[in-house]
Amino acid sequence: MANIQCAGIVKSYGAHPVIEGLNLQIPDHEFVVFLGPSGCGKSTMLRMIAGLEEVTAGRITIGGTDVTHLHPGQRGVAMVFQSYALYPHMTVADNITFGLRRAGVAKAEIDRRLADVARMLGLDPLLDRKPKNMSGGQQQRVAMARAMIKTPKVFLFDEPLSNLDAKLREKLRTEIRKMHNTLQTTTIFVTHDQLEAMTIADRIVLMRAGQIEQQGTPDEIFDRPATRFVADFIGSPSMNFRLGRIENGAAVAGSVRIPLPSGRFSVSDGQEVELGLRPSRMGLVAEGTAGAIRGTVVLVENMGAEGQVIAEVDGAEMSFVTRHFRDLSPGDTASFALAPEHLHIFDRATGRSCLI
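Keep in mind it's a predicted model, so treat the numbers as computed, not measured.

Asks: I would appreciate a short explanation of the overall build of the protein chain in the present structure.
Replies: Looking only at helices and strands, the protein chain has 8 helices and 20 strands in total. Taken along the three principal axes of its C-alpha coordinates, the protein chain extends 75 × 45 × 35 Å. Excluding contacts between residues fewer than 6 apart, the proportion of contacts in the protein chain whose partners are at least 24 apart in sequence is 67%. Surface summary for the protein chain: the accessible area is close to 16400 Å², and the carbon and sulfur share equals 48%. Where the 39 positive side-chain charges of the protein chain centre and where its 39 negative ones centre are 7 Å apart.

Structure representation (structure tokens):
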């Protein structure tokens, strides 16, 4: 068992608190992503679990064992960093097996494990190379193999793909997820990239200012954001927000008027709210369609199969996504609509979602 429990975790640097009373449970075999903006505490939390940062207060257990004050090497964790940190004078094989050789593991066992991880990560043809003769993606796979060969209880990834180009990030993202599906080792992955989090996580822990803002599956985080912050952070293109109020069973913001589905929101007539409309949930509709939002096209961004259209509505910009973007040009009038079931409403005073 390699379940992880963090109870009342506090981390301060002098008088400056970074993590304040964080509580989190991660079941055995789960792939959890710590997501959030720079400075939210996600890497600090990961390093405390690894034993690379001291805990100011609180308790961390792994597999039922209190590891709060244990040396990193006694915790049964393996960590992959943003920096590959490979020994330049060693071959790939020597880099991967260095830790096992230092620990005195038998050569036959080392060779067996090396063959397994090299095959899994496609490193077989590279075992005799030095790091300087390899691409960034290949070096990161070596760093992953070095962690995997230890057969740890827990894998920890600290923004391991940040130094790679978009294509390599996508490829290694897939390899990391496939590796987890095969090994089923409890895994924590830190990133500020919401696309990475959405594509590889079993559960996302979205952090803000040292606290957990929301946690849930990617679908839950995307479809039912608990706060305006979560709604704004998750999703590309970003959600549109409009200040408005509840009037006679509808959410109204200027010329935007969307009837409220029965039983979906906890709101009262006259309540000051903020409407959230995802660009990916809206599309072009015919002129004069009931409930349509009408605006003047400002910019059309080609995204390949789809395009993002930015339009001015009531003096402010809104965006929506459509496959018919090639039919539009700046200056055109466009009508677009959002199905009421995809509307998000946030209380203006608290920022909390009004979804029931």
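Asks: Explain the packing of helix α2 (residues 92-102) against helix α4 (residues 136-148) to me, please; I cannot follow it from the model alone.
Replies: In a packed pair of helices, the relevant descriptors are the angle between the two axes and the axis-to-axis distance. Running from amino to carboxyl end, α2 crosses α4 at an angle of 30 degrees, the nearest separation of the two axes being 8 Å. With respect to their mutual orientation, α2 and α4 come out roughly parallel. Regarding α2 and α4, the two cross each other, and that crossing is right-handed. Of the residues in α4, those touching α2 at Val 92, Asn 95 and Ile 96 are Val 142, Ala 145 and Arg 146. Within the contact of α2 with α4, the residues separate by chemical class into 4 nonpolar, 1 polar and 1 charged.

Asks: Would you mind going over the pattern of salt bridges with me for this structure?
Replies: It is possible for side chains of opposite charge to pair when their charged atoms get near one another. Applying the stated criterion across every chain, the model contains 23 salt bridges. The partner of Glu 272 in a salt bridge is Arg 245, with the nearest N and O atoms 2.5 Å apart. Taken together, the residues span a long stretch of sequence, with Glu 272 in strand β14 (residues 272-277) and Arg 245 in strand β11 (residues 240-247) at a distance of 27 residues. The partner of Glu 287 in a salt bridge is Arg 294, with the nearest N and O atoms 2.5 Å apart. Residues joined in a network through salt bridges with shared partners are Glu 109, Arg 112, Arg 113, Asp 116 and Arg 119.

Asks: So what exactly am I meant to see when it comes to the sheet that holds strand β13 (residues 256-259) here?
Replies: Working definition: the strands of a sheet are paired by backbone hydrogen bonds and lie parallel or antiparallel to each other. Across the sheet, 5 strands lie side by side as β13-β12-β11-β14-β20; this open sheet has antiparallel pairing. This sheet does not close on itself; its edge strands, each paired only once, are β13 and β20 (344-347). The mean inter-strand angle of the sheet, taken between neighbouring strand axes irrespective of direction, is 35 degrees. Here 3 bridges tie β11 to strand β12 (residues 250-253), and the two strands are oriented antiparallel to one another. Along β12, the bridge assignment pairs Ile 246 with Ala 251.

Asks: Honestly, the packing of α4 against helix α5 (residues 166-183) in this entry has me stumped. Any pointers?
Replies: Two elements in contact, α4 and α5, have axes separated by 11 Å at closest approach and are oriented at 20 degrees. If you check the angle between α4 and α5, you find them roughly parallel. Along this stretch, α4 crosses α5, giving a crossing that reads as right-handed. Judged by residue contacts, Gly 137, Gln 140, Arg 141, Met 144 and Met 148 of α4 engage Leu 168, Lys 171, Leu 172, Glu 175, Ile 176, Met 179 and Leu 183 from α5. Counted by class, the contact of α4 with α5 contains 7 nonpolar, 2 polar and 3 charged residues.

Asks: Just to check I follow, could you spell out unusual backbone geometry for this structure?
Replies: With the exception of glycine, the majority of residues adopt a negative phi angle, and the majority of peptide bonds are in the trans configuration. The omega angle of the peptide bond from Ser 236 to Pro 237 is 0 degrees, so this bond is cis rather than trans. Here Pro 237 lies in the loop between α8 (228-233) and β11. Positive phi, close to 50 degrees, is recorded for Ala 209, a residue that is not glycine. Looking at the element boundaries, Ala 209 is found in the loop between β9 (203-208) and β10 (211-216).

Each value, and the rule that gives it
Residues numbered from 1 in each chain as written. Predicted model: local features only at pLDDT ≥ 70, side-chain atom pairs only at ≥ 80, totals over all residues. Heavy atoms only, no water. Helix = DSSP H or I, 4+ residues; strand = E, 2+ residues; numbered from the N terminus. Contact = heavy atoms within 4.5 Å. Areas by Shrake-Rupley, 256 points an atom, 1.4 Å probe, with all protein chains shown as cover. Lys, Arg positive; Asp, Glu negative; His and termini not counted. Charge placed at Lys NZ, Arg CZ, Asp CG, Glu CD. Axes fitted to C-alpha atoms, helices over the stretch in contact; angles between N-to-C directions. Parallel < 35°, antiparallel > 145°, perpendicular 65-115°, else oblique. Left-handed = near helix turned anticlockwise from the far one by under 90°. Nonpolar A, V, L, I, M, F, W, Y, C, P; charged D, E, K, R; others polar. Salt bridge = Lys/Arg side-chain N within 4 Å of Asp/Glu carboxyl O. Pairing = 2+ DSSP bridges.

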